[in-house]
Amino acid sequence: MSKKMLPIFILETLKYYSDQQHPLLQRDIIAYIDKNYNEKFERKAIASCIQELIDLGYDIAHDHGYYLDQRVFDPTEISYLIDVILNSPTLTKKQAHEMIRKLCKEESVYRQRSWHKIHVLSRIPYSQNPQFMLNVEMIQEAIEQNKKISFDYLHYGLDKRLHKKRDRKYIVNPYELIISMNKYYLVANYDKYENLSNYRIDKISNIEILDEKRKPEPAPVEIPKYQLEHIYMFSGPSKNVKIKFKNSIIDQIIDWFSTDCVIEPIDEETSCLYAKVNERALYYWLKQYDEFAELITE
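In this text the structure is predicted, and so the values were computed from the model without any measurement.

Analysis parameters
Residues numbered from 1 in each chain as written. Predicted model: local features only at pLDDT ≥ 70, side-chain atom pairs only at ≥ 80, totals over all residues. Heavy atoms only, no water. Helix = DSSP H or I, 4+ residues; strand = E, 2+ residues; numbered from the N terminus. Rg over C-alpha atoms; globule rule 2.2 N^0.38 Å. Buried < 20%, exposed > 50% of the residue type's maximum accessible area, 1.4 Å probe, protein only. Pairing = 2+ DSSP bridges. Axes fitted to C-alpha atoms, helices over the stretch in contact; angles between N-to-C directions. Contact = heavy atoms within 4.5 Å. Core = buried A, V, L, I, M, F, W, Y, C linked by side-chain atoms within 4.5 Å. pLDDT = per-residue confidence, 0-100. Phe/Tyr/Trp six-rings, centres within 6.5 Å; stacked < 30°, edge-to-face > 60°. Lys NZ or Arg CZ within 6 Å of the ring centre and 35° of its normal. Salt bridge = Lys/Arg side-chain N within 4 Å of Asp/Glu carboxyl O. Disulfide = S-S within 2.5 Å.

Draft legend 1. Quick peek at the overall build of the chain. Along its length, the chain carries 10 helices and 12 strands. Over its C-alpha trace the chain gives a radius of gyration of 27 Å, far above what one expects of a compact globule, namely 19 Å for 298 residues. Principal axes of the C-alpha set define a box for the chain whose edges measure 85 × 55 × 40 Å. Counting only residues that meet the buried cut, the chain has 41% of its 298 residues in that class.

Printed below as a string of structure tokens:
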């Protein structure tokens, strides 16, 4: 059995204890296997097994020792993903810690130490709802099965804790999951209405998949188009608008409405934006940029 396990012992040792700056000699590999698995091997067996792993396509490099070169993510990608997790308000602190632990698990101990020194949990308000991951899983399952779902919808009280918004459960037809402004939303529909509604997934609890079939989508959701029309993810109708803005906020215009928006220059200082956008969202957006933009009614 020990000999059959040797390739796994070597791969795990190289994965955890080696990288380009920390190559392992054969004697180092032998020592780590003895320490961690209580198994003893000769150098000849180690060398032969490493060559077999290389022949099978494993990216084991040799430069003053052996190290596992190619990983699932490179260090820059890992750092970026850690930052995304740390700044996600949809996760609880425990979930953020656990996801980072899983992400770093495939990296060497040296890289893990460097990331733990650099990154600490952000001060953003993390979710108090531990059901977020379960919600995503069950919503995806309901969409695949073409079923309705029921759930309690939560909101914060003055005690800064989540409470049910109403006593009876929401029953909706789920269609899409959308990320907008660092929040995860369910796009769904009530049977008696034709319009779509948006629900923060981190504020959903006690979700159930019902036996009842969901009704067909009122219209297929084109996610990029839907996101552009529903800034802030407000529900309700959208309308075509014309907005006069100062050219000094062109970066913000592109951030919100993308490079697909229609812009018509007026003069050196001002331009017009033509877009289709949710009416409630437009009201709040104009409040945010009232010094630089105004709605043109014709």
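Moving on from the coordinates now.
Draft legend 2. Structural view of the sheet that holds strand β12 (residues 293–295). Read from one edge to the other, the open sheet built from 4 strands follows the order β10-β11-β9-β12, with strand pairing classed as antiparallel. Each edge of the sheet is formed by a strand with only one pairing partner; in this case those strands are β10 (262–265) and β12. For this sheet, the mean inter-axis angle between neighbouring strands, taken without regard to orientation, is 30°. As paired elements, β10 and strand β11 (residues 270–278) share 4 bridges and run antiparallel to each other. In the sheet register, Val-262 faces β11, and the bridge partner there is Tyr-274. Against the sheet, helix α9 (residues 250–257) engages β9 (238–246), β10 and β11, with an angle of about 20° to β11.

Draft legend 3. Representation of the nonpolar core within the structure. Membership of the largest hydrophobic core comes to 28 residues, with the highest contact counts inside it found for Phe-151, Leu-186 and Tyr-199. For this core, the secondary structure elements donating two or more residues are α4 (75–86), α5 (93–104), α7 (132–145), β3 (147–156), β5 (170–180), β6 (183–189) and β8 (204–213). The leading source of residues in this core is α7, at 5 residues. Once residues lying within four places of it in the same chain are set aside, the contact partners of Phe-151 are Lys-169, Tyr-170, Val-172, Leu-186, Tyr-199, Ile-204, Ser-205, Asn-206 and Ile-207. In this structure, Ile-231, Phe-234, Ala-275 and Ala-293 belong to the second largest nonpolar core, which totals 20 residues.

Draft legend 4. Summary view of the confidence of the model for the chain. Mean pLDDT for the chain: 86, with 95% of residues reaching 70 or above. Confidence scores differ between elements of the chain, with helix α6 (residues 109–118) showing the lowest mean pLDDT of 66 and β8 the highest of 95.

Draft legend 5. Structural detail: the packing of aromatic side chains. For the structure on display, the rule yields 16 aromatic pairs. Ring centres of Phe-132 and Tyr-184 lie 5.9 Å apart, and the angle between their planes is 45°; on these two criteria the pair is classed as tilted. Separated by 52 residues along the polypeptide, Phe-132 in helix α7 and Tyr-184 in strand β6 bring together distant segments of the chain. By relative accessible area, Phe-132 is classed as buried at 4%. Seen from their ring centres, Phe-151 and Tyr-153 are 6.3 Å apart, and the 65° between their planes marks the pair as edge-to-face. Residue Tyr-153 is classed as buried on the basis of its relative accessible area, which comes to 11%. An aromatic cluster of three or more residues is present, and its members are Phe-151, Tyr-153, Tyr-170, Tyr-190, Tyr-193 and Tyr-199. Over the ring of Tyr-170 we find Arg-166, and its NZ or CZ is 3.8 Å from the ring centre.

Draft legend 6. Region of the structure containing the pattern of salt bridges. Applying the stated criterion across every chain, the model contains 9 salt bridges. In this structure, the salt-bridge partner of Lys-148 is Asp-191, at a minimum N-O distance of 2.3 Å. Placement of the pair is Lys-148 in strand β3 and Asp-191 in the loop between β6 and β7 (197–200), with a sequence separation of 43 residues. Relative accessible area serves as the criterion here: at 41%, Asp-191 is assigned to the partly exposed category. Because the salt bridges share partners, they merge into one network encompassing Lys-148, Asp-191 and Glu-212.

Draft legend 7. Here's a closer look at the state of the cysteines. All chains considered together, the criterion is met by 0 disulfides. Left unpaired, Cys-261 is separated from the closest cysteine sulfur, that of Cys-272, by 12 Å.

Draft legend 8. Representation of the pairing of β7 within the structure. Residue alternation in β7 divides its side chains into two sets, Ser-197 and Tyr-199 and Asn-198 and Arg-200, and both sets are buried. By the bridge criterion, 4 bridges tie β6 to β7 in an arrangement that is antiparallel. Residue pairing across strands places Val-187 opposite Asn-198, the latter belonging to β7.

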